[in-house]
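# Structural characterization, general
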Number of protein chains: 2
Amino acid sequence: MDDVELLRHRGLRVTAPRRAVLATIGRLPHATAETVLRAVREDLPTVSVQAVYDVLHALTDAGLLRRIEPAGHPARYERRVADNHHHVVCRGCGAVDDVDCAVGHAPCLTPSSTSGFTVDSAEVTYWGTCPACAGGTTPAPVHDVVAPAH
Amino acid sequence: MDDVELLRHRGLRVTAPRRAVLATIGRLPHATAETVLRAVREDLPTVSVQAVYDVLHALTDAGLLRRIEPAGHPARYERRVADNHHHVVCRGCGAVDDVDCAVGHAPCLTPSSTSGFTVDSAEVTYWGTCPACAGGTTPAPVHDVVAPAH
DNA sequence: CGTACATTCTTGAACTGTTCCAGAAACTCT
DNA sequence: AGAGTTTCTGGAACAGTTCAAGAATGTACG
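Here goes a summary of the coordinates provided. (Residues numbered from 1 in each chain as written. Chains lettered and ligands numbered in written order. Predicted model: local features only at pLDDT ≥ 70, side-chain atom pairs only at ≥ 80, totals over all residues. Heavy atoms only, no water.)

The subject of this paragraph is the overall build of chain A. Tallying secondary structure elements over chain A gives 5 helices and 6 strands in all. Ordered by position in the sequence, the α and β elements of chain A form the string α-α-β-α-α-β-β-β-β-β-α. Counting only residues that meet the buried cut, chain A has 43% of its 150 residues in that class. Within chain A, residue pairs in contact and separated by at least 24 positions form 43% of the contacts whose partners lie at least 6 positions apart. With an accessible surface of roughly 7,600 Å², chain A has 52% of that area assigned to carbon and sulfur atoms. (Helix = DSSP H or I, 4+ residues; strand = E, 2+ residues; numbered from the N terminus. Buried < 20%, exposed > 50% of the residue type's maximum accessible area, 1.4 Å probe, protein only. Contact = heavy atoms within 4.5 Å. Areas by Shrake-Rupley, 256 points an atom, 1.4 Å probe, with all protein chains shown as cover.)

Below you can see the structure in the form of structure tokens.
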């Protein structure tokens, strides 16, 4: 199913900005809104900031995109929506990459007690340093390490 | 060790705003900066916004506070820093509560492959609805459910 | 118990990422 | 093609947080 069909299938109008955003995020997974805007403007120079945000919202609501919001960094978007996977985030530059869960069934993702909350999803974020920031080419600001994984 | 000793022990000056912030977060775990500001001003009416942010930063850097930043909600602070625990966040009102991991050792928190990232911590956030929002007293805006836990 | 210096606090403005608003333009269905 | 809804543009607004300069305070030392 190509992007046009994908959009129609969700009852969304097929517009140039939407196709461009989908294509961009396909090419640049984990792109920020700003990155998307810049990339889309290479083909469609008049596209506005709002158009990009509207499109990102529409596509996210339709389930074509997944939004990642690492603390302290702008939101990022990816097209991997079917499976459940997690993310590593670089403390230095905010770079994001995918991480598949090491185990098939994750016991710790079934919380022991939820204080009466109805839980519908669990989200795991790994924090660390990406190769580029570790390499010293772009020395990352070092933050304190908090909450080690058990 | 009382709060004064705690501050001195970390080489921090003991000031009224710092003591008030510590006391407030002890009383109101998971408070936002704004909540802290309001609570502190009951005792110290002249405390400024920056004082609160500065204090929250200083105490967080010193390891006396832990900062939680749920996507789409203002940051929250807690004094439980010694152990590792996770959080449930209400999609409706942003309320946060503690969740202890169901298992002692968490296999899924050891990522399978980290694309060259050096991982120093893992963070689990459960998303759901708190009793108040579910109860209909304050009907929460319903967002789409994403990324179910496996 | 003063004094000196570094640190912290106050006030006020600025900033980033995102959203709201109104009207113009574009797309889809008939 | 025409009608009507949806989406786009442009500009302003917004929340939460941070920056900047100077005044005030806490701590260490004599």
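Let us keep going from here.
Right, let's talk about the sheet that holds strand E5 (residues 96-99) of chain A for a bit. In spatial order, the strands read E5(A)-E4(A)-E6(A)-E6(B)-E4(B)-E5(B); together these 6 strands make up an open sheet with mixed pairing. At either margin of the open sheet sits one strand with a lone partner, and together these are E5 of chain A together with strand E5 (96-99) of chain B. Along the sheet, successive strands turn relative to each other by an average axial angle of 30 degrees, direction set aside. Sheet topology note: the strand E4 (residues 86-90) of chain B/E5 of chain B ladder contains 4 bridges and is antiparallel. By the bridge assignment, His86 of chain B is partnered in E5 of chain B with Val99 of chain B. (Pairing = 2+ DSSP bridges. Axes fitted to C-alpha atoms, helices over the stretch in contact; angles between N-to-C directions.)

The subject of this paragraph is the sheet that holds strand E1 (residues 31-32) of chain B. Strand pairing in a sheet is mediated by backbone hydrogen bonds. Such pairs are either parallel or antiparallel. Residue and element names in this part refer to chain B. Within the open sheet, the 3 strands sit side by side as E1-E3-E2. Their pairing is antiparallel. Among the strands making up the open sheet, the edge pair consists of E1 and strand E2 (66-68). In this structure, E2 lies alongside strand E3 (residues 76-78), joined through 3 bridges in antiparallel fashion. Looking at E3, one finds that Ile68 is bridged to Arg76.

Quick look at the environment of Glu42 of chain A now. If you trace the backbone, Glu42 of chain A turns up in helix H3 (residues 33-43). Distance from Glu42 of chain A to Val99 of chain A, taken between C-alpha atoms, is 31 Å for residues 57 residues apart in sequence.

Time to look at the protein's contact with DNA strand C. Taken together, 17 residues lie around DNA strand C, and Gln50, Tyr53 and His57 of chain A together with Thr15 and Ala51 of chain B are the ones closest in. Atoms of DNA strand C within 4 Å of the protein belong to the sugar or the phosphate in 58% of instances, the rest to bases. Between a phosphate oxygen of DNA strand C and a main-chain N or O atom of Val14 of chain A, the distance comes to 3.5 Å. With respect to DNA strand C, the side chain of Thr15 of chain B contributes an N or O atom lying 2.7 Å from a phosphate oxygen. Those elements giving two or more residues to the surface near DNA strand C turn out to be helix H4 (49-61) of chain A together with helix H2 (16-27) and helix H4 (49-61) of chain B. Here the residues of the surface near DNA strand C are counted per class, giving 8 nonpolar, 6 polar and 3 charged. (Near = heavy atom within 4 Å. Polar contact = N/O pair within 3.5 Å; in protein donor to acceptor, adjacent residues only side chain to side chain. Nonpolar A, V, L, I, M, F, W, Y, C, P; charged D, E, K, R; others polar.)

This next bit is on the protein's contact with DNA strand D. Residues in contact with DNA strand D amount to 19 residues; listed here are only the nearest, Arg18 and Ala51 of chain A together with Gln50, Tyr53 and His57 of chain B. Take the atoms of DNA strand D that sit within 4 Å of the protein: sugar and phosphate atoms are 58% of them. The side chain of Arg13 of chain A places a nitrogen or oxygen atom 3.3 Å from a base oxygen of DNA strand D. The separation between a phosphate oxygen of DNA strand D and a polar side-chain atom of Thr15 of chain A is 2.9 Å. Contributing elements (two or more residues each) for the surface near DNA strand D: helix H2 (16-27) and H4 of chain A together with H4 of chain B. Residue composition of the surface near DNA strand D, by class: 9 nonpolar, 6 polar and 4 charged.

Below, the discussion takes up the environment of Val81 of chain A. All names here are of chain A. With respect to the helices and strands, Val81 occurs in the loop between strand E3 (76-78) and strand E4 (86-90). With 72 residues separating them in the primary sequence, Val81 and His9 have C-alpha atoms 16 Å apart. Contacts of Val81, omitting those with residues within four sequence positions, involve Gly63, Leu64, Leu65 and Arg66.

Helix length check: H2 of chain B, at 12 residues, gives a terminal C-alpha distance of 16 Å against a target of 16 Å (1.5 Å per residue), a fit within 8%. Tucked inside the fold, the buried residues of H2 of chain B contact helix H1 (3-9), helix H3 (33-43), H4 and E3 of chain B. (Expected span 1.5 Å × (residues − 1).)

Evaluation of the coordinates by the stated rule reveals 16 salt bridges over all chains. Its salt-bridge partner being Asp83 of chain A, residue Arg80 of chain A comes within 2.4 Å of it at the nearest N-O pair. Across the salt bridge formed by Arg80 of chain B and Asp100 of chain B, the nearest N and O atoms sit 2.9 Å from each other. One end of the pair, Arg80 of chain B, is in the loop between E3 and E4; the other, Asp100 of chain B, is in the loop between E5 and strand E6 (118-129), with 20 residues separating them in the sequence. Overall, the relative accessible area of 40% leaves Asp100 of chain B in the partly exposed class. What emerges from the salt-bridge pattern is a single network uniting Arg80, Asp83, Asp98 and Asp100 of chain A. (Salt bridge = Lys/Arg side-chain N within 4 Å of Asp/Glu carboxyl O.)

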